[in-house]
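Coordinate analysis (summary)
Residue strings, one per chain:
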Amino acid sequence: MPCQWLLGLRAQGGGHPPAASSATLALARRTLGDGPARWAVETAVWMTQEVIRQVPAYGGGRTPFETLRRSVESTVLVALTGLLLGSRPSPELVPVEAVEGNADLVRRGVPLDLVLRGVRIGHACLHQRLMDAIDAEPEPVRLAESHRVSELLFSYADVHASRMAEEYIAERNRWQASTEAARHRIVDDIVAGRRIDQEAAERTLGYELGRHHVAFVVVADELDTPAEVLRRLAAEAARAMNGHGVLTVQAGPSQVWAWTGRRTASTSSAEVEVPAGLRLAIGPLAYGTAGFRRSHLGAKEAQAFLGETRLCHHADIRVRSLLAAGGEGARWFAEETLGGLAGGDTRRAELREPLRVYLSAGRSPQRAGELLHVSRNTVGYRVKQAEELLGRPLPEDLLELRLALEITRIPL
C-alpha cells in the first residue's frame, strides 16, 4: 500500500486537546487510527500559529485562535482521510468546521482576500509537513507519493478556497442585511466615539440612550457555548443591577457585550451569581451616549482581570487599570473620583491645589499653609470648600483621591 507511511504519522510533542467536532474526530480515528489523528491535532496548532503570524487579522486573542484552530484541524483530518482513501476533492468534503468560522470573520471585518490568503498558507504548511514525512520513506514510495500528495493537496486547496469564498459571501450578505448588523454598527460607532443620530440609534437598538448605563462583558470558557447562555447571564446581571431592559450584541463566538439602563445614579445592586464556565466583567455607572461608551470601555478594562476571578467590577480594578491606561482613562478616573471638584474652571482648580497640598502634608493645615504661603485658617477654609464640592467627607484611605488630584495637574 503506497500510502502506508501516512498511517505511521505520530505527534512529536506533549499533545494538545482536539478542537474539531467529536464527529469529525471520530471518523478520522476510525479511518486513520489514533496516531495520525494526534499528528493532525499537533500539526493544526502549528499551522494556526503560522497563519496568524502571516495574516494577523485572523488573530486577536484566545477565541479567534481557537476558532481558526478548529477550522484548520478539521481540514487536516479530512485531508489525511482523503489522501489515504484516494478520494477526489469535492465541495462536500470540505468540513463544516472549516467554513463555520466565516461568521466570526465577517463580524470582525476580516476581508475575503485575507481569508483566502489564510487558506493558501494553511495548505502550504500542510504540504510542507507531509513532504517532510514522505522524505523519510524509501525512494520508490517517495517518488510516487510526492507527486500524488502534491496533486491532491493542490486540488483540495482549490476546492477549499472556492467553498470558503462562497460561504463567506453568503454569510456577509446575511450579516449586512440583518438587524444584528445594524445594531452592531451603531454600537461600534458609539464605542469608537463617532457622532450618531441618537433618535435613529435608539429605534434600531430598541434601547434608550438618554439615561444612566451599566455595561457588561460576558465571556464563555468554552468556544461552543450557545450565545443564549451568555445573553441569559447578561439579563440576570441587569436585574441584579436594578436595570430597566438590556441590550446585547454578539462580540464573537464566546463573548457578548451588554448594557442596562437606570433612571437615577443610584448604585445599589445585588450580588450576581456567575455560573461555572462563564465570566462577567461589569463597567461603571455612567450617563448618556458618552456614558454608554464609558461604561463599556470600563467593562473591557475589567475583562482583562477575569483571569483572576469569574466576576470583576470595574470599581475593584480601576486603580490598577489606571496605571496601565493613562490618557483618557486617567481623565475619567479623576472626574469620577473628584465629582463636583473636577472641571477646568479657575475656582475648582484653585480649591484642588490646597486640598492636594493639605493631603500630601499629612492633613496638617500648618504645614500646608507654609508650603502654600498662606495662613492655616485659609487652608482650612479652602479644604472645607473643596470637600463640599467633592460631595462627601474626606475618606480614610486617600490613595484614589490623591491620585485623582495629581492627574488633574497633568495636561492630558
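In what follows, the accompanying structure is described. (Residues numbered from 1 in each chain as written. Predicted model: local features only at pLDDT ≥ 70, side-chain atom pairs only at ≥ 80, totals over all residues. Heavy atoms only, no water.)

**What to know about the environment of Gly82**
- Relative to the helices and strands, Gly82 is located in helix α4 (residues 62-85).
- On the accessibility criterion, Gly82 (4% relative accessible area) is buried. (Helix = DSSP H or I, 4+ residues; strand = E, 2+ residues; numbered from the N terminus. Buried < 20%, exposed > 50% of the residue type's maximum accessible area, 1.4 Å probe, protein only.)

**Describing the pattern of salt bridges**
- Under the criterion given, the structure shown has 25 salt bridges.
- Residue Asp104 is joined to Arg108 by a salt bridge in which the shortest nitrogen-to-oxygen separation is 3.1 Å.
- Accessibility expressed as a relative area gives 7% for Asp104, which makes it buried.
- Here Arg174 ties to Glu171 by a salt bridge, and the two come within 2.8 Å at their closest N and O atoms. Here the residue Arg174 and the residue Glu171 both occupy positions in helix α8 (residues 139-177), the gap between them amounting to three residues, near one helical turn.
- Since its relative accessible area comes to 47%, Arg174 is described here as partly exposed.
- Residues participating in the shared-partner salt-bridge network are Arg294, Arg318, Glu336 and Glu400. (Salt bridge = Lys/Arg side-chain N within 4 Å of Asp/Glu carboxyl O.)

**As for the side chain of Glu180**
- Inspection of the secondary structure assignment puts Glu180 in helix α9 (residues 179-191).
- Each residue touching Glu180, except ones within four places of it in the same chain, is listed here: Trp175, Arg231, Val249 and Gln250. (Contact = heavy atoms within 4.5 Å.)

**Describing helix α15 (residues 346-360)**
- Here α15 spans 21 Å end to end across 15 residues, near enough to the 21 Å set by a 1.5 Å rise per residue.
- For α15, the complete set of buried residues consists of Leu351, Arg352, Pro354, Leu355, Arg356, Val357, Tyr358 and Leu359.
- On its buried side, α15 packs onto α14 (327-338), α16 (365-372), α17 (376-390) and α18 (399-407).
- Positive backbone phi, at 70°, marks Gly362, one or two positions downstream of α15. (Expected span 1.5 Å × (residues − 1).)

**Observations regarding the packing of helix α3 (residues 34-54) against helix α7 (residues 112-134)**
- Axis separation between α3 and α7 bottoms out at 9 Å; the angle between their running directions is 135°. As far as their axial angle goes, α7 and α3 are oblique. Two packed elements cross with a definite hand, and for α3 against α7 that hand is right-handed. Residues Trp39, Thr43, Trp46, Met47, Glu50, Val51 and Gln54 of α3 pack against Arg117, Gly118, Ile121, Gly122, Cys125, Leu126, Gln128, Arg129 and Leu130 of α7.
- Residue composition of the contact of α3 with α7, by class: eight nonpolar, five polar and three charged. (Axes fitted to C-alpha atoms, helices over the stretch in contact; angles between N-to-C directions. Parallel < 35°, antiparallel > 145°, perpendicular 65-115°, else oblique. Left-handed = near helix turned anticlockwise from the far one by under 90°. Nonpolar A, V, L, I, M, F, W, Y, C, P; charged D, E, K, R; others polar.)

**With respect to the side chain of Gln303**
- Note that Gln303 resides in helix α12 (residues 288-303).
- Side-chain polar atoms of Gln303 contact the side chain of Lys300, separated by 3.2 Å.
- In contact with Gln303, not counting residues within four places along its chain, are Val217, Val219, Gln255 and Ala281. (Polar contact = N/O pair within 3.5 Å; in protein donor to acceptor, adjacent residues only side chain to side chain.)

**Focus: the packing of aromatic side chains**
- Scanning the model with the defined rule gives two aromatic pairs in all.
- Each ring, one from Tyr207 and one from Phe292, has its centre 6.0 Å from the other, and the planes form 65°; the classification is edge-to-face. Of the two residues, Tyr207 sits in the loop between α10 (198-205) and β1 (212-220) while Phe292 sits in helix α12, which places them 85 residues apart along the sequence. You'll find Tyr207 and Phe292 in the same group, each marked buried.
- On the numbers, 4.2 Å between centres and 10° between planes, the contact of Trp259 with Phe292 is stacked. Within this pair, whereas Trp259 is found in strand β3 (residues 255-262), its partner Phe292 is found in helix α12, the two being separated by 33 residues in sequence.
- The rings of Tyr207, Trp259 and Phe292 are connected pair by pair, giving a single aromatic cluster.
- Taking NZ or CZ as reference, Arg129 lies 3.9 Å from the ring centre of Trp46, over its face.
- Against the face of Tyr207 rests Arg211, its NZ or CZ located 4.6 Å from the ring centre. (Phe/Tyr/Trp six-rings, centres within 6.5 Å; stacked < 30°, edge-to-face > 60°. Lys NZ or Arg CZ within 6 Å of the ring centre and 35° of its normal.)

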